[in-house]
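# Structure at a glance
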Amino acid sequence: GSSAARLIILQITDVYTLENIASFKTLVEETRANNPDATVVSMLTGDFLSPYLLSSVDRGAGMMNALGKMGLDYITWGNHEADIDHKYVCRHVRNFPGKWINSNMLNHEAMDAQQEYDVIELTSPDGKNSRKVGLCAVLSDDPALYSHFKAPG
């Protein structure tokens with residue numbers, strides 16, 4: 001048997017359309033099927049409610065419905081989630097079937113439906129090796145973090 005404790009993370013970010021959601025779901029399913037000895041985790045690391053055009057009409061309902069149905073394991077905040085009315089965002093947090101990680105906004109109104117962190121425990125198929133991997137997610141409101149980025153064109 002294998003003595004490797006394996007973790008595969010499939011991550012997406014800045015999802016502004018539903019166009020590729022099905023492809024990502026298929027990637028996650030195929031990766032899990034092709035790697036039975038590994039722990040496979042899927043995550044979306046922010047910026048998915050806005051500037052998605054449909055969210056300007058349905059306040060993120062369509063995107064959250066699709067994300068919920070794709071079996072996504074983790075979501076974290078991005079700066080564009082604040083572009084949607086906060087009461088709707090809180091509703092989306094509470095209805096998301098996966099884990100929503102928020103490590104630095106602990107006074108958030110919907111913190112009851114979020115986790116400050118998570119720990120993934122891995123064990124090799126032969127049981128000889130184990131590992132713990134911690135996940136956290138932080139968000140900053142400091143625009144200077146992005147000042148060195150230039151607009152394309």
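In short, a report on the structure.

Each value, and the rule that gives it
- Per chain, the residues get numbers from 1 upward, laid out in the order the sequence is written.
- Restriction of local features to residues with pLDDT of at least 70 applies here, the model being predicted, together with a cutoff of 80 or more for giving and counting side-chain atom pairs; totals for whole chains, interfaces and linings are based on all residues.
- Only heavy atoms go into the side-chain values, all of them from the structure, while hydrogens and water stay out.
- If DSSP finds at least two bridges between two strands, the strands pair.
- Secondary structure elements are defined from DSSP: runs of H or I of at least 4 residues count as helices, runs of E of at least 2 residues count as strands, and each element is numbered from the N terminus.
- Angles here are taken between N-to-C directions and fall from 0 to 180 degrees, while the axes themselves are lines fitted to C-alpha atoms, restricted in helices to the stretch in contact.
- Each Phe, Tyr or Trp ring (for Trp, its six-membered ring) is paired with any other whose centre lies within 6.5 Å, and the angle between the two planes then decides the class: stacked below 30 degrees, edge-to-face above 60, tilted in between.
- With a 1.4 Å probe rolled over the protein chains alone, any residue whose accessible area is under 20% of its type maximum counts as buried; one over 50% counts as exposed, and the rest are partly exposed.
- Pairing of N or O atoms within 3.5 Å defines a polar contact, subject to two protein rules: one partner must be a possible hydrogen donor and the other a possible acceptor, and residues neighboring in sequence count only if both atoms are side-chain atoms.
- Pairs of residues are marked as contacts when any of their non-hydrogen atoms sit within 4.5 Å.
- Here the expected span of a helix is defined as 1.5 Å times the quantity of residues minus one.
- Starting at the helix axis, one direction is taken to each C-beta atom, and the arc is that of these directions.

Pairing is parallel in the open sheet, where 4 strands are placed in the order E1-E2-E3-E4. The strands lining the two open edges of the sheet, one partner per strand, are strand E1 (6-12) and strand E4 (99-101). Shown here is a sheet whose adjacent strand axes are inclined to one another by a mean of 25°, direction ignored.

Turning our attention to the packing of aromatic side chains. In this structure the tally under the stated criterion is 3 aromatic pairs. Plain terms: the ring middles of Trp77 and Trp100 are 4.9 Å apart, the flat faces sit at 55° to each other, and that makes the pair tilted. Residue Trp77 is found in the loop between strand E3 (74-76) and helix H4 (86-95), and its partner Trp100 is found in strand E4; the two are separated by 23 residues along the sequence. Look at Trp77 and you get buried, because its relative accessible area is 10%. Through successive ring pairs, a cluster of aromatic residues spans Phe48, Trp77, Phe96 and Trp100.

In this section: the side chain of Ser103. In this structure, Ser103 sits in the loop between E4 and strand E5 (118-123). Looking at Ser103, its side chain comes within polar contact range of the main-chain oxygen of Glu116, at 2.6 Å. With residues up to four places along the chain from it excluded, the contact list for Ser103 reads Glu116, Cys136, Ala137 and Val138.

Attention now goes to helix H3 (residues 61-69). For H3, the complete set of buried residues consists of Gly62, Met63, Met64, Ala66 and Leu67. The secondary structure elements touched by the buried residues of H3 are helix H1 (21-34), strand E2 (38-45), helix H2 (55-58), E3, H4 and E4. Phi turns positive one or two residues past the end of H3, at Gly71, with a value near 75°.

Right, let's get into H1. For H1, built from 14 residues, the straight-helix expectation of 20 Å at 1.5 Å per residue is met to within 8% by its first-to-last C-alpha distance of 20 Å. Listing the buried residues of H1 in full gives Ile21, Phe24, Val28 and Thr31. Down the axis, H1 shows its buried residues gathered within 95° of arc, on one side only. Those residues of H1 that are exposed and angled more than 90 degrees off the buried face are Ala22, Ala33 and Asn34. Packed against the buried residues of H1 are E1, E2 and H3.

Mapped onto the fold, Leu67 is located in helix H3. Considered as a pair, Leu67 and Phe48 are 19 residues apart in the sequence and their alpha carbons are 9.5 Å apart.

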